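# Inside the fold
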Amino acid sequence: MSGGSMNYLYSKIEYDAVFKTDTPERKAFRKHLVKVAAALRAIEWNDSGDGASDEEELIRACLSPTATLEAVTEAAQKALDDLGAELLKVTK
C-alpha cells in the first residue's frame, strides 16, 4: 500500500495549522507542530509501506526525555498485573 494511510494528516498540520505567532509560547508551539508533522509523515509513510528510517528519531524529538521510558514502564506494570491475575487463576 502506498501513501495516505492517515489521509496525509502531517500535511494538514504542517500547512493548515496557521495562526499568529506573536507570543513566545505560540512561536514555540508552532515549532513543536513542525516537529509533530515530520514525525507524523514518517509514521504515515511507514504505515503505508513507503518507508521512513528516521521515524523513531522524529517521534522522540516531539517527546520529553522520559516519555518513552514512562510508556514502557506503564506497559510493563500492566503486563505484571496481568501476569499476577493469571497466576491467581491457575493456582486456585
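Please refer to the structure placed before this passage.
Since this is a predicted model, take the numbers as computed values, not measurements.

## Thoughts on the overall build of the chain
For the chain, the helix and strand inventory stands at four helices and zero strands. Written out in order from the N terminus, the α and β elements of the chain read α-α-α-α. Over its C-alpha atoms the chain spans a radius of gyration of 19 Å, topping by over 25% the 12 Å that the globule rule assigns to 92 residues. Along the first, second and third principal axes, the C-alpha atoms of the chain reach 60 × 40 × 20 Å. When each of the 92 residues of the chain is scored for burial, the buried share is 13%. At a minimum sequence separation of 6, the contacts of the chain that also span at least 24 residues come to 51%. Carbon and sulfur atoms make up 60% of the accessible area of the chain, which amounts to about 7000 Å² in all. For the chain, the separation between the mean place of its 12 positive charges and that of its 16 negative charges on side chains is 6 Å.

## Details of the nonpolar core
Y10, I13, L33, V36, A37, A39, L40 and C62 form the largest nonpolar core, which has eight residues in total. For this core, the leading source of residues is helix α2 (residues 24-47), giving five residues. Beyond its immediate stretch of four places on either side in the chain, C62 contacts H32, K35, V36 and A39.

## Notes on unusual backbone geometry
Look at N7: it is not a glycine, yet its phi comes out positive at around 60°. Among the secondary structure elements, N7 is positioned in the segment before α1 (9-16). With a relative accessible area of 54%, N7 lands in the exposed category.

Reading guide: rules and limits
- Residues numbered from 1 in each chain as written.
- Predicted model: local features only at pLDDT ≥ 70, side-chain atom pairs only at ≥ 80, totals over all residues.
- Heavy atoms only, no water.
- Helix = DSSP H or I, 4+ residues; strand = E, 2+ residues; numbered from the N terminus.
- Rg over C-alpha atoms; globule rule 2.2 N^0.38 Å.
- Buried < 20%, exposed > 50% of the residue type's maximum accessible area, 1.4 Å probe, protein only.
- Contact = heavy atoms within 4.5 Å.
- Areas by Shrake-Rupley, 256 points an atom, 1.4 Å probe, with all protein chains shown as cover.
- Lys, Arg positive; Asp, Glu negative; His and termini not counted.
- Charge placed at Lys NZ, Arg CZ, Asp CG, Glu CD.
- Core = buried A, V, L, I, M, F, W, Y, C linked by side-chain atoms within 4.5 Å.

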